[in-house]
Amino acid sequence: MVSADSGDGEVEPDDTLRSFGETVKASRKRAGLTQEQLAPRIGYSVQYVGSVEQGRRHPSRNFINKTEAVLDSFGVIGIAARQLARRRGLASWFRRWAELEEVAVTLNTYECRSIPGLLQPESYARALIGNVPPLATPEQADARVAVRMERQKLLLRTPYVLFSFVIEQSLIERRTGGPEVTRELIDRLLECGKLPNVDIQIMPTVSPEHAGTDGPFRLLETDEHEWLGYTEGQESGHVISDPKAISLLHQRYAKLRIQALNPADSAGLLMRMRGSL
């Protein structure tokens, strides 16, 4: 009997987990089984089944496969699991913004903590995940990296989303993960900067005038031409919709783009930085 083999304990419920749990529950009831009857048939405890159905636990792949087979759900559980997998590696406070990214036509990002996820090579993403406590299990790290890489498809989606990134030079100089990872990071930035819909600007380390000293933020225009903002702190994220606050962030971002190196000069700086590694 398995009590919890997924590597993940109970978590705060979210809409995606709840949706998956409701799918399992509906399939179980259609099969005429109680939780107590289903649990031994799939080799899990009643508590595990209940936690999954309530959206409080990420199901393991083994649980998904066994439940699908026992309940004969015509593939519905597998489909729901694929939807769940696309969100599993996202922090709960970031999921709403990730959903908004998928309907964006414009996305502006200023970052001073780490390279934005949309621009990270896998080696850099893994180095970041491996540095911040509580340390992720191998399964959790793989899930986070997989979702991050999946999000990067937005850069290539057509019709094009217009991306602008203003990134602090110090983030590259930090050499997160070591010299080889930093080379891969710079190569990735140069590659993305060549895309017709992506502008990458580096904010020099020495910059007497700087409009971003209040911290990182993002601005997004939806497909309905509504502008929204996003700020993030330790274990928290906040989507901003107030027009006055959005106007303020637009003013700051406009100033940052003037103060940072233009895309061509930024690419030149990145190539020099790579050469010095």
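Residues numbered from 1 in each chain as written. Predicted model: local features only at pLDDT ≥ 70, side-chain atom pairs only at ≥ 80, totals over all residues. Heavy atoms only, no water.

What follows deals with the nonpolar core. If you look at the biggest cluster of nonpolar residues, it comprises 34 residues, and the most contacted ones within it are Ile 115, Leu 119, Phe 163, Ile 167, Leu 189 and Ile 200. A per-element tally of this core places helix H10 (residues 179–193) first, with six residues. Setting aside its immediate chain neighbours within four residues, Phe 163 contacts Leu 107, Leu 118, Leu 154, Leu 155, Asn 197, Val 198 and Asp 199. Counting 16 residues, the second largest nonpolar core, distinct from the first, contains Ile 42, Tyr 44, Tyr 48 and Phe 63. (Core = buried A, V, L, I, M, F, W, Y, C linked by side-chain atoms within 4.5 Å. Buried < 20%, exposed > 50% of the residue type's maximum accessible area, 1.4 Å probe, protein only. Helix = DSSP H or I, 4+ residues; strand = E, 2+ residues; numbered from the N terminus. Contact = heavy atoms within 4.5 Å.)

Right, let's get into the packing of aromatic side chains. With the rule as written, the count across this model stands at eight aromatic pairs. Aromatic pair Tyr 110 and Phe 217: ring centres 6.1 Å apart, planes at 50°, arrangement tilted. You can see Tyr 110 sitting in strand E1 (residues 104–111) and its partner Phe 217 sitting in strand E4 (residues 217–222), a full 107 residues away along the chain. Note on Phe 217: relative accessible area 4%, which makes it buried. (Phe/Tyr/Trp six-rings, centres within 6.5 Å; stacked < 30°, edge-to-face > 60°.)

A word on H10. For H10, which comprises 15 residues, the first-to-last C-alpha distance of 21 Å matches the rise-based estimate of 21 Å (1.5 Å per residue) to within 8%. Val 181, Thr 182, Leu 185, Ile 186, Arg 188, Leu 189, Leu 190 and Cys 192 are the residues of H10 that are buried. Buried residues belonging to H10 abut helix H7 (122–129), strand E2 (162–168), helix H9 (169–173), strand E3 (198–203) and helix H12 (263–275). (Expected span 1.5 Å × (residues − 1).)

What the six strands build is an open sheet, ordered E3-E2-E1-E4-E5-E6; its pairing is mixed. A strand with exactly one partner marks an edge of an open sheet, and here the two such strands are E3 and strand E6 (236–240). In this sheet, adjacent strand axes meet at a mean angle of 15° when their direction is disregarded. The sheet contact formed by E1 and E2 spans six bridges and is parallel. Bridge pairing links Thr 109 to Phe 165 in E2. (Pairing = 2+ DSSP bridges. Axes fitted to C-alpha atoms, helices over the stretch in contact; angles between N-to-C directions.)

The final tally for this structure, using the stated rule, is twelve salt bridges. Salt-bridge contacts for Glu 101 lead to Arg 218; the nearest nitrogen and oxygen are separated by 4.0 Å. Here Arg 218 lies in strand E4 and Glu 101 lies in helix H6 (residues 95–101), a separation of 117 residues in the sequence. A salt bridge links Arg 183 to Glu 180; the shortest N-O distance between them is 3.0 Å. With Arg 183 and Glu 180 both in helix H10, this residue pair falls three residues apart, about one helical turn. For Arg 183, a relative accessible area of 21% translates into the label partly exposed. Several salt bridges share partner residues, and in doing so they unite Glu 101, Arg 151 and Arg 218 into one network. (Salt bridge = Lys/Arg side-chain N within 4 Å of Asp/Glu carboxyl O.)

Structurally, the position occupied by Gly 193 is in helix H10. Of the residues examined, Gly 193 reaches a relative accessible area of 37% and is grouped as partly exposed. With 174 residues separating them along the chain, Gly 193 and Ser 19 place their C-alpha atoms 38 Å apart. Excluding residues within four positions of it along the chain, Gly 193 makes contact with Val 198 and Ile 200.

The subject of this paragraph is the packing of H10 against H12. Packing of H10 against H12 brings their axes to within 10 Å, and their N-to-C directions diverge by 160°. Relative to H12, the element H10 lies roughly antiparallel. Of the two elements, H10 crosses H12, and the hand of that crossing is left-handed. Counting all contacts with H10, which are made through Arg 183, Ile 186, Asp 187, Leu 189 and Leu 190, the residues of H12 involved are Ala 267, Leu 270, Met 271, Met 273 and Arg 274. A per-class count over the contact of H10 with H12 returns seven nonpolar, no polar and three charged. (Parallel < 35°, antiparallel > 145°, perpendicular 65-115°, else oblique. Left-handed = near helix turned anticlockwise from the far one by under 90°. Nonpolar A, V, L, I, M, F, W, Y, C, P; charged D, E, K, R; others polar.)

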